[in-house]
Amino acid sequence: MEPASSDTNDSDEQYGSFTTGGGDVVVYDTDNPTAWLQSSYAVQIGPSSEPKSA
């Protein structure tokens, strides 16, 4: 699995991610090389992605 580009790779962060050449997103733990997940679908989370109540 070769990364197409590095999305996050800050040495101070515990988690990183990259997008593969096939478009999948891989999220990994920088402290544990066996802890990672790969998905063909990703969504951004955070305050701006939460639905607003009326």
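Scroll up to find the structure.
Quantities reported herein were computed from a predicted structural model and do not represent experimental measurements.

(A) Just a nonpolar patch on the surface, in detail. A cluster of nonpolar residues, Tyr15, Val27 and Leu37, forms a patch on the protein surface that exposes about 290 Å² of accessible area. With respect to the helices and strands, valine 27 occurs in strand β3 (residues 25-29).

(B) Spotlight on the environment of asparagine 32. Its location among the elements puts asparagine 32 in strand β4 (residues 32-39). On a C-alpha basis, the gap between asparagine 32 and tyrosine 15 in space is 9.6 Å, while along the polypeptide they are 17 residues apart. Within the local environment of asparagine 32, its side chain forms a polar contact with the side chain of threonine 34, the two groups lying 2.7 Å apart.

(C) Fine view of the packing of aromatic side chains. Applying the stated rule across the entire model yields one aromatic pair. Ring geometry for phenylalanine 18 against tyrosine 28: centres 6.1 Å apart, planes inclined by 45 degrees, an arrangement best described as tilted. Placement of the pair is phenylalanine 18 in strand β2 (residues 15-20) and tyrosine 28 in strand β3, with a sequence separation of 10 residues.

(D) Focus on the pairing of β3. As judged from the five bridges shared by β2 and β3, these two strands associate in the antiparallel manner. Within the sheet, the bridge partner assigned to tyrosine 15 lies in β3 and is aspartate 29. Following β2, the chain reverses through four residues before pairing antiparallel with β3; glycine 23 in that reversal takes a positive phi of roughly 95 degrees. Summarising the sheet, β3 and β4 pair through five bridges and their orientation is antiparallel. Counterpart to aspartate 29 in the pairing with β4 is asparagine 32.

What counts, and at which threshold
- Sequence order as written defines residue numbering, which begins from 1 separately in each chain.
- Whole-chain, interface and lining totals are the exception, using all residues; otherwise, since this is a predicted model, local features are given only for residues with pLDDT of at least 70 and side-chain atom pairs are given and counted only at 80 or more.
- Hydrogen atoms and water are omitted, and side-chain values are computed over all heavy atoms in the structure.
- A residue counts toward a patch only above 30% relative accessible area and without a salt bridge, and it is joined to like-charged neighbours within 9 Å or, for Val, Leu, Ile, Met, Phe, Trp and Tyr, to nonpolar neighbours within 5 Å.
- All accessible areas in this document rest on Shrake-Rupley with a 1.4 Å probe, and a residue is counted as covered only by the protein chains that are shown.
- Whenever Lys or Arg places a side-chain nitrogen within 4 Å of a carboxyl oxygen from Asp or Glu, that contact is recorded as a salt bridge.
- What counts as a helix is a DSSP run of H or I of at least four residues, what counts as a strand is a run of E of at least two, and both are numbered from the N terminus.
- For the purposes of these results, a polar contact is taken to be a pair of N or O atoms within 3.5 Å, where, inside protein, one atom must be able to donate a hydrogen and its partner to accept one; residues adjacent in sequence count only when each atom of the pair is a side-chain atom.
- Only centres within 6.5 Å qualify two rings of Phe, Tyr or Trp (six-membered ring in Trp) as a pair; their planes then separate them into stacked at under 30 degrees, edge-to-face at over 60, and tilted for everything else.
- We treat two strands as partners when DSSP finds at least two bridges between them.

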